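Summary of structural features
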Amino acid sequence: MTSKRKRLETDVASRSAVSKRSRRTLLPDLLSPLPNELLVRILKLLSLPDLLNIAPVSRQFLHLFADSQIWKRLYYSRFVLPRALRIPGFRDGSSREGKLHYSSRRAIWADGRKGGWVDMHLGDLEDDSRDWKKQYKLRHNWSKGKCALEELQLGQDLSIPEAKLLHKKMLVKVSEGIAVTADVATGLRAWDLKTKQLLAQVSLGLVNVQVAPSCLATDDQNIHDQFLDIAIGFSDGSFGVWKLNIQEKRILPRYRHEKSSNGELIGIAFSYPYLLTATKSVLISLYTFEGPSRKTRAETLESDGETVDSEGVQDSETETMKEDTEDELVSKRSKLKAPENPKQSTLQAPYLLTSLKSHTSRAPLALSIRKTARSVVVSIAYTFSTLQGWSLGVQDLHLRPSTSRSKSTPDITTTRLAYSPPVRSGPSHIPSSPTSPVQHINMSSLFRDDEELDGPINLCYTHPYLLATLPDNTLILYLCTSNSTSLSISPGIRLWGHTSGISDAEITARGKAVSVSCRGEEIRVWELEGRAHGKSIEVRPTVKPTTDNVGGVDVVSSDATAVEWNDRRNWVGFDDEMVIVLKESKGRESLMVYDFT
């Protein structure tokens, strides 16, 4: 038997030499010794797929992968630059100066929900406090329709018979993560959509059970100071103003206007100090809360003859809204109710600036108030019938501070009018149920006259976009162009995509729109800015498992979000992070929260 050969010392030495020589052949690590600031500059030059491949290499690169400056450049390249290139003249006029290239030091970008240039070094948009990776992920989820779904039960009190609540649906508005709801049973409530908790609740003070909230508006001018102003119109012609203190979780009543004989309010817009209302008979009233005191109002009524003349009246079919006579203004101002409590949070009785009346216009209407650098623009979008079908009209009132020292109210300097080309509806179609909470119409009344079948069932106007919802499962987008001398409406663009009747749609000043079907769970997101033919993305949510009784609020589990054909979606609203849909199922209402974060 042969014995095993012993390993010699020379063999061990030769092996160690070979292994040492192999180590010397490896490429040296030249990146790790570099400072993180220089590595970030290098990583900013890479594309997103390359960054995703580099991130798992080491902990250091995984940490650098989340650097805000890297994602700020990616955000600019994917979402900001394509939008800037759609601005007429931006490409040709700025490319020679190098403004189309990314710069981390650039202070102003063409981006933002407000539709204009955004200063990246002002307010809450400071680079140090903004998570650009989170912003990129948020915009990416919007573009792909990816979100998480939760259902928030509103817990409506059923002490009032359901038969009496059929025409008294819940109203909802969303602003910066805060949802405001108003109805007869539970009053006015505010919800934190991130925590799914009830912030505050207050009674509307309705003595008559037949009186119900009919329209709702919010004013988020002071949202960064944790305040949100709320205006509600009622079916008896009255309206009220409340203030939500988000930090203290309180809702304070500020003013309540008594009922009016002009009829139910179907539209309201509020931007302090101006408030705009519209009745079912298309009577438009513009108020200001910074008018003259009650003692001096009688003296100023004589000088109110400086009202605005309606311009551009074409014929009886396109008649614009005309102002009431001076006697009617005096009678309406005498009905204004003084604030009941002389507290600091209360408002004085509003001053009626002007009132407009039309005999040919009809619902649906859309009201808006926007502030520019030189004036405040009050807009009314309305529907009217023509011999060729139906058309939409927009009337702008420009308000400026009065030049007279003896007059404290603003002057209506100009009135501009614009009309869309007539649209002829199909000869036979069955309209979808118009279940928008802004206006509830009895379906039986729609079949009395064929003329009532023509036209949109809902309007949303956020300058410069006017979006009309039609009963044939489509939308029409109009672009309103306004300057110092004229106002015009472009021909409409038909938007296709929905497979069932559309209940509601909303659009922002940046051209992002969300529409929801009456039945099922079809929700579509539209990016309409600068595009001749709008394309939509269908929202495909992932049901998020939740627990019950979170913070005293019933959050439905994932099994409860199953779609049933009898469930109705009555309203849609959204902000930068969430889409909120008002759902009605088996006589109870809930909020469907689509979270894109």
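Rules and cut-offs
- Sequence order as written defines residue numbering, which begins from 1 separately in each chain.
- Confidence filtering applies because this is a predicted model: local features only for residues at pLDDT of at least 70, side-chain atom pairs given and counted only at 80 or more, and all residues used for totals across whole chains, interfaces and linings.
- As a convention, hydrogens and water are excluded, and side-chain values are obtained from all of the structure's heavy atoms.
- By convention, a stacked pair of Phe, Tyr or Trp rings (six-membered ring in the case of Trp) has centres within 6.5 Å and planes under 30 degrees apart, an edge-to-face pair has planes over 60 apart, and any other such pair is tilted.
- Only lysine NZ and arginine CZ atoms are considered, and such an atom sits over a ring when it is within 6 Å of the ring centre and within 35 degrees of the ring normal.
- In what follows, salt bridge is the name for a side-chain nitrogen of Lys or Arg lying within 4 Å of a carboxyl oxygen of Asp or Glu.
- Elements are defined by DSSP. Helices are runs of H or I of four residues or more, strands are runs of E of two residues or more, and each kind is numbered from the N terminus.
- Only protein chains enter the accessibility calculation, which uses a 1.4 Å probe. A residue is then buried if its area is under 20% of the maximum for its type, exposed if over 50%, and partly exposed in between.
- Think of a patch as exposed residues, more than 30% relative accessible area, with no salt bridge, where like charges cluster within 9 Å and nonpolar side chains (Val, Leu, Ile, Met, Phe, Trp, Tyr) cluster within 5 Å.
- In short, Shrake-Rupley with a 1.4 Å probe defines the accessible areas, and a residue's cover is counted only from the protein chains shown.
- Only strands joined by at least two bridges in the DSSP assignment are considered to pair.
- Under this scheme, a helix contributes an axis fitted over its contacting stretch, all axes are lines through C-alpha atoms, and angles between N-to-C directions fall in the 0 to 180 degree range.
- Note: the arc covers the axis-to-C-beta directions of the helix.
- By definition here, a helix of n residues has an expected span of 1.5 Å times n minus one.
- For the purposes of these results, a polar contact is taken to be a pair of N or O atoms within 3.5 Å, where, inside protein, one atom must be able to donate a hydrogen and its partner to accept one; residues adjacent in sequence count only when each atom of the pair is a side-chain atom.
- It only takes one pair of heavy atoms within 4.5 Å for two residues to be counted as in contact.
- pLDDT: the predictor's confidence for each residue, scored from 0 to 100.
- Orientation labels follow simple angle bins: below 35 degrees gives roughly parallel, above 145 gives roughly antiparallel, 65 to 115 gives roughly perpendicular, and whatever is left gives oblique.
- By convention the crossing between two helices is left-handed if the near helix lies anticlockwise of the far one by an angle smaller than a right angle, and right-handed if it lies clockwise.
- Only buried residues count toward a nonpolar core. Its members are Ala, Val, Leu, Ile, Met, Phe, Trp, Tyr and Cys residues joined through side-chain atoms within 4.5 Å.

Summed over all chains, the structure comprises 14 aromatic pairs. Chaining the aromatic ring pairs together yields one cluster made of Phe 65, Trp 71, Tyr 75, Phe 79, Trp 132 and Tyr 136. Here Arg 256 stacks its cationic end above the ring of Phe 234, 4.3 Å away from the centre of that ring. Across from the ring centre of Trp 142, 4.0 Å away, lies the NZ or CZ of Lys 512, which sits over that ring.

Turning our eyes to something else, we now look at the pattern of salt bridges. Here the idea is simple: oppositely charged side chains can pair when their charged atoms come close. Counted under the stated rule, the structure contains twelve salt bridges. A salt bridge links Asp 396 to Arg 370; the shortest N-O distance between them is 3.9 Å. With Asp 396 in strand 19 (residues 389-400) and Arg 370 in strand 17 (residues 361-371), this pair connects stretches of sequence that are 26 residues apart. Each of the two residues, Asp 396 as well as Arg 370, counts as buried. A salt bridge links Glu 527 to Arg 510; its shortest N-O distance comes to 3.3 Å. With Glu 527 in strand 28 (residues 523-527) and Arg 510 in the loop between strand 26 (502-507) and strand 27 (512-517), the pair connects residues that are 17 residues apart, well separated along the chain. Connected via shared salt-bridge partners are Glu 522, Arg 524, Glu 538 and Arg 540.

Residues Leu 31, Leu 38 and Ile 42 make up a contiguous nonpolar surface patch of roughly 230 Å² in combined accessible area. Secondary-structure assignment places Leu 38 in helix 2 (residues 36-43).

Adjacent strands of a sheet form backbone hydrogen bonds with each other and so pair up, either parallel or antiparallel. Judged by pairing direction, the sheet is mixed, and its five strands sit side by side in the order 30-3-33-32-31 without closing on themselves. With partners counted over all chains shown, the strands left at the sheet margins are strand 30 (540-543) and strand 31 (568-574), one partner each. On average, each strand axis in the sheet is inclined to that of its neighbour by 30 degrees, with strand direction left out of account. Strand direction decides the pairing type here: strand 3 (residues 146-153) and strand 30, joined by four bridges, are parallel.

Strand order in this open sheet of four strands is 8-9-10-11, and the pairing throughout is antiparallel. Of all the strands in the sheet, just strand 8 (213-219) and strand 11 (250-256) have a single pairing partner and so form its edges. Geometrically, the sheet is characterised by an average inter-axis angle of 25 degrees between neighbouring strands, direction not taken into account. Here strand 10 (residues 239-245) pairs with strand 11 via six bridges, running antiparallel. Across the sheet, residue Trp 242 finds its bridge partner in strand 11, namely Pro 253.

As a further point, take helix 2. Here helix 2 has its buried residues at Leu 39, Val 40 and Leu 43. For helix 2, the buried positions fall inside an angular range of 105 degrees around the axis, keeping them on one side. Residues of helix 2 that are exposed and point over 90 degrees away from its buried face: Glu 37 and Arg 41.

The next point concerns helix 7 (residues 132-144). The end-to-end C-alpha separation of helix 7 is 18 Å, in line with the 18 Å expected for 13 residues at 1.5 Å each. Here helix 7 has its buried residues at Trp 132, Gln 135, Tyr 136, Leu 138, Arg 139, Asn 141 and Trp 142. The backbone nitrogen of Lys 133 has a side-chain oxygen 3.3 Å away, supplied by the residue at the start of helix 7, namely Asp 131. One or two residues past the end of helix 7 sits Gly 145, with phi positive at roughly 75 degrees.

Note that Ser 175 resides in strand 4 (residues 171-175). Once you skip the residues sitting within four places of it in the chain, Ser 175 turns out to touch Thr 218, Asp 220 and Leu 228.

All right, on to the environment of Phe 234 then. Here Phe 234 is to be found in strand 9 (residues 227-234). On a C-alpha basis, the gap between Phe 234 and Gly 267 in space is 9.8 Å, while along the polypeptide they are 33 residues apart.

This part is about the confidence of the model for the chain. With 67% of its residues at a pLDDT of 70 or more, the chain has an overall mean of 75. This model gives residues 110-126 a pLDDT under 50, and the stretch forms 53 contacts once residues within four places in sequence are excluded.

Our focus in this paragraph is unusual backbone geometry. Tyr 272 connects to Pro 273 through a cis peptide bond whose omega is 10 degrees. The residue Pro 273 is located in the loop between strand 12 (265-271) and strand 13 (274-279) in this model. A cis amide bond, omega 5 degrees, links Ala 363 with the succeeding residue Pro 364. As for its position among the elements, Pro 364 is in strand 17.

Moving on: the side chain of Thr 474. Checked against the element boundaries, Thr 474 lands in the loop between strand 22 (465-469) and strand 23 (475-482). Overall, Thr 474 belongs to the buried group, its relative accessible area being 1%. Engagement of the side chain of Thr 474 in a polar contact is seen with the side chain of Asp 472, the distance being 2.6 Å.

In this section: the pairing of strand 26. The side chains of a regular strand alternate between the sheet's two faces. Strand 26 sits mainly inside the fold: five of its six residues count as buried. Both strand 26 and strand 27 contribute to a ladder of five bridges, which runs antiparallel. Bridge pairing in strand 27 places Glu 506 opposite Val 514. Where strand 26 folds back onto strand 27 in an antiparallel hairpin, the turn is made up of four residues, including Gly 511, whose phi is positive at roughly 95 degrees.

This next bit is on the packing of helix 5 (residues 68-85) against helix 7. Two elements in contact, helix 5 and helix 7, have axes whose closest approach is 8 Å; the angle formed by their N-to-C orientations is 30 degrees. Considering their axes alone, helix 5 and helix 7 lie roughly parallel with respect to each other. In this structure, helix 5 meets helix 7 at a crossing whose hand is left-handed. Contact with helix 5, carried on its side by Ser 68, Trp 71, Lys 72, Leu 74, Tyr 75, Arg 78 and Phe 79, involves Trp 132, Lys 133, Gln 135, Tyr 136, Arg 139, His 140, Ser 143 and Lys 144 of helix 7 and no other residues of that element.

Of all hydrophobic cores here, the largest spans 25 residues; its most connected members are Leu 276, Ile 284 and Leu 399. When residues of this core are traced back to their parent elements, those giving at least two are strand 12, strand 13, strand 14 (283-288), strand 16 (351-357), strand 17, strand 18 (376-386), strand 19 and strand 20 (411-419). The element that contributes the greatest number of residues to this core is strand 18, accounting for five residues. Counting 21 residues, the second-largest nonpolar core is a separate cluster that includes Ala 182, Ile 232, Phe 234 and Ile 246.

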